[in-house]
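Per-entry structural report
This is what each chain is made of:
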Amino acid sequence: MKKILSIMTAAMLGTAVSAQETYDNAQLATKDLNGTARYVGMGGAMEALGADLSTIGTNPAGIGMFRRSMVAGSFGFNSQQDAKSFGNANKTNMSFDQAGFVYSMRSGRHSMFNFGFNYTKSKNFDQILTAAGRLNNASQNKLSAMKNANGVYTLQDKNNGLVSNSGAYSQADYLYSNVLFNHYDANNPNDPNNATLTDKGVIVNQTTGLPVYYNATGYDFGRSTTGYIGQYDFNVSGNSNDRFYWGFTVGIYDVHYNGSSLYSESLVDGNTAIGDVAMNDERKITGTGFDVKAGLIFRPAEESPFRIGLYVHTPTWYDLTTRNYTVLDNKTSEAYGSSDYGKSSESYDFKFYTPWRFGVSLGHTVGNYLALGATYEYADYTTNDIRVNDGGEVDYWGNYYETSSRDEAMKQNIKNSLKGVHTVKLGMEFKPEKNFAVRLGYNYQSAMYNKNGFKDGSLESYGTYYASTTDYTNWKDTHRFTAGVGYNYGKFSFDLAYQYSQTNGDFYPFMSYVDNSEPKFDNVCDAVKVSNKRNQLLFTVGYKF
């Protein structure tokens, strides 16, 4: 019976501060189309039209267009279309999406001064992602082996366990090194590869001197994610002579991300099937952040309802904590591997800064029966910044300051894997009679990921050092189609919206490795097409006073 390895990486790594990986953090930088049902029903194209609570988080000047105080709340259902069952994840979930108010005061005959607050679920992480594919002379463990063989990391024996001081030695590498490759005994008669650790810190076959690894014939992958980012916006705004509108918003963010994944491979030794290995990973990311948003809306012609809106958002400055618990289950034949399973867990703090956002919008109304809106927004995600916490220092006055430094290796990977994103919003509202409205919208977001970007496990980086998974997905453009209706009854308003969104992507279980001198050492896996199709039904109740 193979022995059980249960060395925790906390004992191995000996440090508690780090920075996270490009792909893990990219999902925290984007926002969903969410808010009030009116805002969603019009595709979010209300940054120049204003007078909706959701504009507090896009163009704060939109709150300056309120002439009456208001309170509103929104809830609904989100459903993932065509998703396969995985674990205990649900395809359909109820969601509380928005709650806020604006208090409006008159500051002049044609001027207002307003205060507002709004909560929005800016990111909903509920998703099931599954993929499967064939592997030809490739495997996840082979990637770890080739990193070791090429000196990306070197190993040393410590208390009957293999460890490394390299920043490119991930938690996945640690598990494979100790569970599947290392037999601790070079003379083990049951070891078909006669594995040994050289004085250069590389695991090789003692007889041939070649790297020790096992190819796979295919893989299965599943991940379910849950949680959200809560956005709490505080606004002050106003208007001058019903022609110039301004607003400032301070946003506070609350991150709750939970991910559970299972990756399994069917291994072979030559042409002989030797069993399976499975990597189960549980990941949590929590923390807080804040940003500042400013905007304005103006009417170029005094007598025209045509409006132009401009806005800018600072980066969101996040302080985050990530925790993982990862298990490698070795179900290969008795002779293969030194352990039945190994486990690894870690918790650390890091900082993450999102890009600046810039937007311009147009709005026009025709009488009291038609409103048209259009918005363009740009954010350069190559400017995402992942930072290592260096500790703190006390100044002359006794004030404590926490310092951080950029993870330069991961920063370069961000530039190679991400790009600028263009967002276009179009929307209309038609009122066949004054108390009833029909809405349509379209929202387009260009791809954030370069098609040739990848999760680079060879980087000398804290982000690699603490990584416990190797998979990544290069998601493409997002298309959102929306529709809605609204009805006013006295001081109450009732709004209903439907949103369909679709994002296709290319899934990879691990990065590719190509050996220029020995093609048999190549470790290449083709992409698998995946898709995230979502349906949302949203209901808002509002009251004006």
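Along each chain, residues carry numbers from 1 onward, in the same order as the chain's sequence is written. At least 70 in pLDDT is required for a residue's local features to be given in this predicted model, at least 80 for side-chain atom pairs to be given and counted, and no such filter applies to totals for whole chains, interfaces and linings, which use all residues. Based on all heavy atoms of the structure, the side-chain values leave hydrogens and waters out of the count.

Thoughts on the nonpolar core
- Among the buried residues, those of types Ala, Val, Leu, Ile, Met, Phe, Trp, Tyr and Cys that are joined through side-chain atoms within 4.5 Å form a nonpolar core. Categorising residues by exposure relies on relative accessible area from a 1.4 Å probe, with only protein chains included: less than 20% of the type maximum marks a residue as buried, more than 50% marks it as exposed, and the intermediate range marks it as partly exposed. The biggest cluster of nonpolar side chains holds 71 residues, and the ones touching the most others in it are L28, L135, Y219, L320 and F352.
- Strands here mean DSSP runs of E at least two residues long; helices mean DSSP runs of H or I at least four residues long; both are numbered from the N terminus. At seven residues, the largest contribution of residues to this core is made by helix α5 (residues 171-181).
- Contacts were defined at the residue level, with two residues in contact if any of their heavy atoms lie within 4.5 Å. In this view, L320 contacts L28, V255, I285, T286, G287, T288, Y348, D349, F350 and F352; residues no more than four positions away in its chain are not counted.
- Of all hydrophobic cores here, the second largest spans seven residues; its members include I63, M70, A72 and V102.

Regarding the confidence of the model for the protein
- Along the chain, pLDDT gives the predictor's confidence residue by residue, from 0 to 100. Scored by pLDDT, the protein comes out at a mean of 92, with 95% of its residues at no less than 70.
- The model gives residues 6-18 a pLDDT under 50, and that stretch makes 40 contacts with residues more than four places away or in other chains.

Considering the packing of helix α4 (residues 140-149) against α5
- Angular values range over 0 to 180 degrees, each being the angle between N-to-C directions of two axes fitted as lines to C-alpha atoms, with helices fitted over their stretch in contact. In contact at an axis separation of 9 Å, α4 and α5 are set at 100° when each is read in the N-to-C sense. Between α4 and α5, the crossing angle belongs to the class labelled roughly perpendicular. Residue-level contacts link Q140, N141, S144, A145 and K147 of α4 to A172, D173, Y176, L180 and F181 of α5.
- Residues belonging to the contact of α4 with α5 are distributed by class as follows: five nonpolar, three polar and two charged. Oblique is the label for every angle not falling under 35 degrees (roughly parallel), over 145 degrees (roughly antiparallel), or within 65 to 115 degrees (roughly perpendicular). Residues are grouped as follows: Ala, Val, Leu, Ile, Met, Phe, Trp, Tyr, Cys and Pro are nonpolar; Asp, Glu, Lys and Arg are charged; all remaining types, including Gly, are polar.

Focus: the environment of A26
- With respect to the secondary-structure elements, A26 resides in helix α2 (residues 22-29).
- Linking A26 and N399, residues 373 residues apart in sequence, is a C-alpha distance of 33 Å.

A few points about the packing of aromatic side chains
- The aromatic pairing rule takes the rings of Phe, Tyr and Trp, using the six-membered ring of Trp, and pairs them if the centres are within 6.5 Å, calling planes under 30 degrees apart stacked, those over 60 edge-to-face and the rest tilted. Under the criterion given, the structure shown has 31 aromatic pairs.
- Between the aromatic rings of Y23 and Y449, the centroid separation amounts to 5.3 Å while the plane-to-plane angle is 15°, which identifies the pairing as stacked. One end of the pair, Y23, is in helix α2; the other, Y449, is in the loop between β20 (436-445) and α7 (462-465), and 426 residues separate them in sequence.
- Seen from their ring centres, Y253 and Y318 are 6.1 Å apart, and the 70° between their planes marks the pair as edge-to-face. Of this pair, Y253 sits in strand β10 (residues 244-269) while Y318 sits in strand β13 (residues 317-332), and the two are 65 residues apart along the sequence.
- Feature note: the residues Y23, Y449, Y472 and Y508 constitute an aromatic cluster, connected by ring pairs.
- Consider the ring centre and the ring normal. A charge sits over the ring if Lys NZ or Arg CZ is within 6 Å of that centre and within 35 degrees of that normal. K121 extends its terminal NZ or CZ atom over the ring of Y228, reaching a point 5.4 Å from the ring centre.

Observations regarding the pattern of salt bridges
- A side-chain nitrogen of Lys or Arg and a carboxyl oxygen of Asp or Glu constitute a salt bridge if their distance falls within 4 Å. By the definition in use, this model includes 20 salt bridges.
- Across the salt bridge formed by D173 and K147, the nearest N and O atoms sit 2.5 Å from each other. Of this pair, D173 sits in helix α5 while K147 sits in helix α4, and the two are 26 residues apart along the sequence. Side by side, D173 and K147 carry an identical accessibility label, which is buried.
- The network of salt bridges with shared partners includes R38, E429, R439 and D495.

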